[in-house]
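Take a look at the letters that make up each chain.
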Amino acid sequence: MTVLEKLRQSIEAGHPKETEKLVAEALEQRIDSMHIVEEAMMPAMRTMGERYKEQEADIPRILAAARCVRSGFALIEKKRRFI
């Protein structure tokens, strides 16, 4: 399983610390930040939206996934400042 697949699963599960770790790992592997967003973070949120529509996820799970994405974005932004 690739780091982006793990990242997507982490977001969907609502684990912000794991998400930060995986975003850092992806950046260390020199995966472009836009690729991280487009291939892992946004698809995870789309999946959560679909699960909500199908009543397979509730608002707290959606918010947990959103917190993960916010943590991931913060780390990406922080790393980009130092590049």
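First things first, this report covers the structure right here in the doc. Just so it is clear, the model here is predicted, and its values are computed rather than measured. (Residues numbered from 1 in each chain as written. Predicted model: local features only at pLDDT ≥ 70, side-chain atom pairs only at ≥ 80, totals over all residues. Heavy atoms only, no water.)

Let's shift gears to the overall build of the chain. A count of helices and strands for the chain gives 4 helices and 0 strands. Computed over its C-alpha atoms, the radius of gyration of the chain comes to 12 Å, within 12% of the 12 Å expected for a compact globule of 83 residues. With the principal axes as the frame, the chain shows a C-alpha extent of 40 × 20 × 20 Å. Across the 83 residues in the chain, those meeting the buried criterion constitute 39%. Long-range contacts, defined as pairs at least 24 residues apart, comprise 64% of the intrachain contacts of the chain with a sequence gap of at least 6. Surface accessibility of the chain: about 5,600 Å² in total, with carbon and sulfur atoms responsible for 50%. Taking the average place of the 15 positive charges on the side chains of the chain and the average place of its 14 negative ones, the gap between the two points comes to 6 Å. (Helix = DSSP H or I, 4+ residues; strand = E, 2+ residues; numbered from the N terminus. Rg over C-alpha atoms; globule rule 2.2 N^0.38 Å. Buried < 20%, exposed > 50% of the residue type's maximum accessible area, 1.4 Å probe, protein only. Contact = heavy atoms within 4.5 Å. Areas by Shrake-Rupley, 256 points an atom, 1.4 Å probe, with all protein chains shown as cover. Lys, Arg positive; Asp, Glu negative; His and termini not counted. Charge placed at Lys NZ, Arg CZ, Asp CG, Glu CD.)

Under the 1.5 Å per step criterion, the end-to-end length of helix α2 (residues 16-28) is 18 Å for 13 residues, consistent within 8% with the ideal 18 Å. Burial in α2 covers these residues: Thr19, Leu22, Val23, Ala24 and Ala26. At the exit of α2 stands Arg30, carrying a positive phi of roughly 60°. (Expected span 1.5 Å × (residues − 1).)

Axes are the key here: two packed helices are described by the angle between their axes and the distance separating the axes. Two elements in contact, helix α1 (residues 3-13) and α2, have axes whose closest approach is 9 Å; the angle formed by their N-to-C orientations is 160°. Here α1 lies roughly antiparallel to α2, going by the angle between them. Regarding α1 and α2, the two cross each other, and that crossing is left-handed. Seen from α1, the contacting residues are Val3, Leu4, Lys6, Leu7, Ser10 and Ile11; seen from α2, they are Glu18, Thr19, Leu22, Val23, Glu25 and Ala26. Residues belonging to the contact of α1 with α2 are distributed by class as follows: 7 nonpolar, 2 polar and 3 charged. (Axes fitted to C-alpha atoms, helices over the stretch in contact; angles between N-to-C directions. Parallel < 35°, antiparallel > 145°, perpendicular 65-115°, else oblique. Left-handed = near helix turned anticlockwise from the far one by under 90°. Nonpolar A, V, L, I, M, F, W, Y, C, P; charged D, E, K, R; others polar.)

As a further point, take the environment of Ile11. Positionally, Ile11 belongs in helix α1. When near neighbours in sequence (up to four residues on either side) are disregarded, Ile11 contacts Thr19, Ala40, Met41, Ala44, Met45, Ala65, Cys68 and Val69.

Take the environment of Met45 next. Residue placement: Met45 occurs in helix α3 (residues 33-53). Look at Met45 and you get partly exposed, because its relative accessible area is 22%. Along the sequence, Met45 and Ala65 sit 20 residues apart, while their C-alpha atoms lie 7.0 Å from each other. Ignoring anything within four residues of it in the chain, the contact list for Met45 reads Ile11, Ile62, Ala65, Ala66 and Val69.

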